[in-house]
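A look at the structure
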Amino acid sequence: MTITPKSIWTDVVAIREQAPLIHNITNYVVMNTTANALLALGASPVMAHALPEVVQMVDIAGALVINIGTLSDAWITAMEVAAGKAKERSIPIILDPVGSGATDYRTRSARNLAERYRPAIIRGNGSEIISLCRAEVRTKGVDSTDSSDTALDAARTLNRQLGSVVCITGATDYVVGGPELHVLANGHPMMTRVTGLGCTASALCGAFAAVNPHLDQAAAHAMAVMGIAGELAARKAAGPGSLQLAFIDSLYLITEEDIEELFKSGREVV
Amino acid sequence: MTITPKSIWTDVVAIREQAPLIHNITNYVVMNTTANALLALGASPVMAHALPEVVQMVDIAGALVINIGTLSDAWITAMEVAAGKAKERSIPIILDPVGSGATDYRTRSARNLAERYRPAIIRGNGSEIISLCRAEVRTKGVDSTDSSDTALDAARTLNRQLGSVVCITGATDYVVGGPELHVLANGHPMMTRVTGLGCTASALCGAFAAVNPHLDQAAAHAMAVMGIAGELAARKAAGPGSLQLAFIDSLYLITEEDIEELFKSGREVV
Amino acid sequence: MTITPKSIWTDVVAIREQAPLIHNITNYVVMNTTANALLALGASPVMAHALPEVVQMVDIAGALVINIGTLSDAWITAMEVAAGKAKERSIPIILDPVGSGATDYRTRSARNLAERYRPAIIRGNGSEIISLCRAEVRTKGVDSTDSSDTALDAARTLNRQLGSVVCITGATDYVVGGPELHVLANGHPMMTRVTGLGCTASALCGAFAAVNPHLDQAAAHAMAVMGIAGELAARKAAGPGSLQLAFIDSLYLITEEDIEELFKSGREVV
């Protein structure tokens, strides 16, 4: 599925009309900003992690977003139970392996979630995606130390093994798993100075996947909207504090014209 | 007690002068914005949930706000212990049954807290309030699917059964439990696109209840100030990102003149 | 070490160039704003609290910031294990005893962490610092009720007993532990109406201590940058909501000229 301003806009309209319920089991750092991003775009977020309720919450959700940013054992258990129910219901699971590679605990937890529940979409930076495939890589905290390009092989391997669409984000974003590789080139450097925008990207994958069954296209649309909203926000922002809020405003205000004006697809690498 | 700009302003001044300590056991999503809203209005927030300290924290608080937004068993236990101490000290308990009706766990927990500790004020959207009364209702996540009007019967029943003032928020806000029904009509539609403003409304109920023993009036004042601050903020906001921060600014800047200009009481239904 | 605009700027440049990884075990209320402040300044934040990973995370960090703002037993254990590893690696530990004095649980936990792990820097308001020394003081929630001045004796005692640099923040900030007392006079009153700026101050101590081995100077530089960024932000802020984001922008935009223009050292008390 080719990505065009038209195809992006169709999904944005669908999200605004359907307001899909996105169930997030995510980290403490980004819960507020993730919920606000989903609300601003038009989706309906819920955050719930307690074992006694995750099954019932997944039961009314349109997508499940699992993010291991501040993981602990109790949360991992809830993620597994929720993921099991999401598979049963065939709603898309999005996995964000935050900091995978930085500690064995994160790598092991992320791999386990990826391999057992074969998410619809896995979204991470280059280091995180590589860490899901092989043991040699150690990321520096939660920030990426590998370029998106070198992570492409890892993404293709993961896609072959798990069937998951794999989305690598960085200065250029790549989406592996559809008939063609999607290369997205929107975004603004100052976005790397705002915490949790990667987590937001994963949450938006959930919103797009809830309305679009072509998962590679859904992920690419999410990345395009992230990047375009970031560029719109950067026009009004003096620094990362004002960028964070202007980004939320942009998700709310984004128009088809904005997308037509700013959408930048990269060259399509083999 | 009739609600007038004068009565609202008297309480705002009292909060600014007394800076009551409001103890919040609330959800991860809104802790930051709730604390900031209380600080901006002039109250003094504290967030504490550990069993070994909640009793002592309640002991120095002017009100206890319990919010089940990201509940889990350990937190429920702490809420119960804190609520027991608050009853003993006769300080007002505010209950926010976030998402009650969406899962059995939330409904059960919210009902248990309501029935055992008979909060001074229960504040929720229509679906949540209805869910506290009867089993047939299922909300969609944490967003309301019932209009405030249809929830009025549920609120009256709860008030009769528990003695709690019940506050239903939506496009129009209702406060049940005083000699007359309060109907508040302030607010702005964009407020529904900011996460956690319902939680903020409950926290502000705590601040007003800490300085005003007429609990129905305290709840109505809190709703009026929420709505007026939201309208003031909407004048300056481009979208929900800037609305969130302008709302905090408005709580800090609000004047008696703002309240006189904007306060809108609805018709008073029987 | 005397504090000058030049010495402050040297550290800011070092943080921007080295982007030290700062491991935070901190409270739920401030995780987002703390991460954003560190990112805006140029450091690289990570939040991780799970027992199975804290040792490995400390192993790649340049400083460990421990903040007891929403403490519970499981987190205290993780803090202790992380602190033990930080001592072993000789990376600086920063302790923020949020609300120590308000409940016995906080006081006991903060004293235990201070006495067992002898942090490089302890930063708190006057009440918190006093509570670490003697039992008679009870703070009102997490806000200070003692002036910074009266806490100086407590800071000197703590410094003698533990060897820690002790930083007392308030309208005037004091740093005890170097050859001379540092007295810093930057800041803006509206900063007290934004939640978690004290926590941010502690996190910035971590960033400065990661690049500057003179810990008293590092703490004083952090306080100066906090205060100057707050003053720059206050120029653009209408209230505490816009102050919070303008403060983040200011950390990102701060220049040597800003520091030269605004730096205010207080008189140096004996």
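Within each chain, residue numbers correspond to sequence positions counted from 1 in written order. Chains carry letters from A onward and ligands carry numbers from 1 onward, assigned in written order. Thresholds applied to this predicted model are a pLDDT of at least 70 for local features of residues and 80 or more for the giving and counting of side-chain atom pairs; totals over whole chains, interfaces and linings are not thresholded and use all residues. Side-chain measures here rest on the full set of heavy atoms in the structure, leaving out hydrogens and waters.

Contact with chain A, which involves 32 residues of that partner, is made by 30 residues of chain C. Taking both sides of the interface into account, the surface hidden between chain A and chain C amounts to around 2,500 Å²; carbon and sulfur atoms contribute 58%. One speaks of a salt bridge when a side-chain nitrogen belonging to Lys or Arg is within 4 Å of a carboxyl oxygen belonging to Asp or Glu. Summed over the shared surface of chain A and chain C, the result is 1 salt bridge. Across the salt bridge formed by Glu53 of chain C and Arg106 of chain A, the nearest N and O atoms sit 2.7 Å from each other. Think of a polar contact as two N or O atoms within 3.5 Å of one another; within protein, one of them needs to be a possible hydrogen donor and the other a possible acceptor, and neighboring residues in sequence only count if both atoms come from side chains. Put simply, chain A and chain C have 11 residue pairs in polar contact (both at pLDDT 80 or more) between them. Secondary structure elements follow DSSP: runs of H or I no shorter than four residues count as helices, runs of E no shorter than two count as strands, and numbering proceeds from the N terminus. Looking at the side of chain A that touches chain C, the elements that each hand over two or more residues are helix H5 (104-117) and helix H10 (240-253) of chain A. Its residues placed into classes, the side of chain A that touches chain C shows 12 nonpolar, 13 polar and 7 charged. For this analysis, residues touch if any pair of their heavy atoms sits within 4.5 Å. For any pair of parts, buried area is found by adding up, for both, the accessible area (1.4 Å probe) each one loses once the two are put together. Throughout this entry, Asp, Glu, Lys and Arg are counted as charged residues, while Ala, Val, Leu, Ile, Met, Phe, Trp, Tyr, Cys and Pro are counted as nonpolar. The remaining residues, Gly among them, count as polar.

What follows deals with the pairing of strand S7 (residues 173-176) of chain A. Residues and elements named next belong to chain A. Where burial is concerned, the two faces of S7 agree: the one with Asp173 and Val175 and the one with Tyr174 and Val176 are both buried. When strand S6 (residues 165-169) meets S7, the two strands line up antiparallel, connected through 3 bridges. Residue pairing for S7: Val166 is matched across the bridge by Val176. Hairpin remark: S6 followed by S7, antiparallel, with 3 residues in the connecting loop. Relative to strand S8 (residues 182-184), S7 is paired through 3 bridges, and the arrangement is antiparallel. Paired with Val175 across the strands is His182, a residue of S8. Categorising residues by exposure relies on relative accessible area from a 1.4 Å probe, with only protein chains included: less than 20% of the type maximum marks a residue as buried, more than 50% marks it as exposed, and the intermediate range marks it as partly exposed. Two strands are said to pair when DSSP picks up at least two bridges between them.

Classification of ring pairs uses Phe, Tyr and Trp, with its six-membered ring standing for Trp, and accepts pairs whose centres are within 6.5 Å; under 30 degrees between planes counts as stacked, over 60 as edge-to-face, and the remaining range as tilted. Scanning the entire structure with this criterion turns up 9 aromatic pairs over all chains. Plain terms: the ring middles of Tyr28 of chain B and Trp75 of chain B are 5.3 Å apart, the flat faces sit at 75° to each other, and that makes the pair edge-to-face. With a gap of 47 residues between them, Tyr28 of chain B in the loop between strand S1 (21-25) and helix H2 (31-41) and Trp75 of chain B in helix H4 (residues 73-89) connect regions that are remote in the sequence. Residue Trp75 of chain B is classed as buried on the basis of its relative accessible area, which comes to 9%. Among the aromatic residues, those joined into a cluster by ring pairs are Tyr28 and Trp75 of chain A, Tyr28 and Trp75 of chain B together with Tyr28 and Trp75 of chain C.

Following the sequence through the fold, Gly198 of chain A ends up in helix H8 (residues 197-211). Taking the C-alpha atoms as reference points, Gly198 of chain A and Arg123 of chain A, separated by 75 residues in sequence, lie 8.3 Å from one another.

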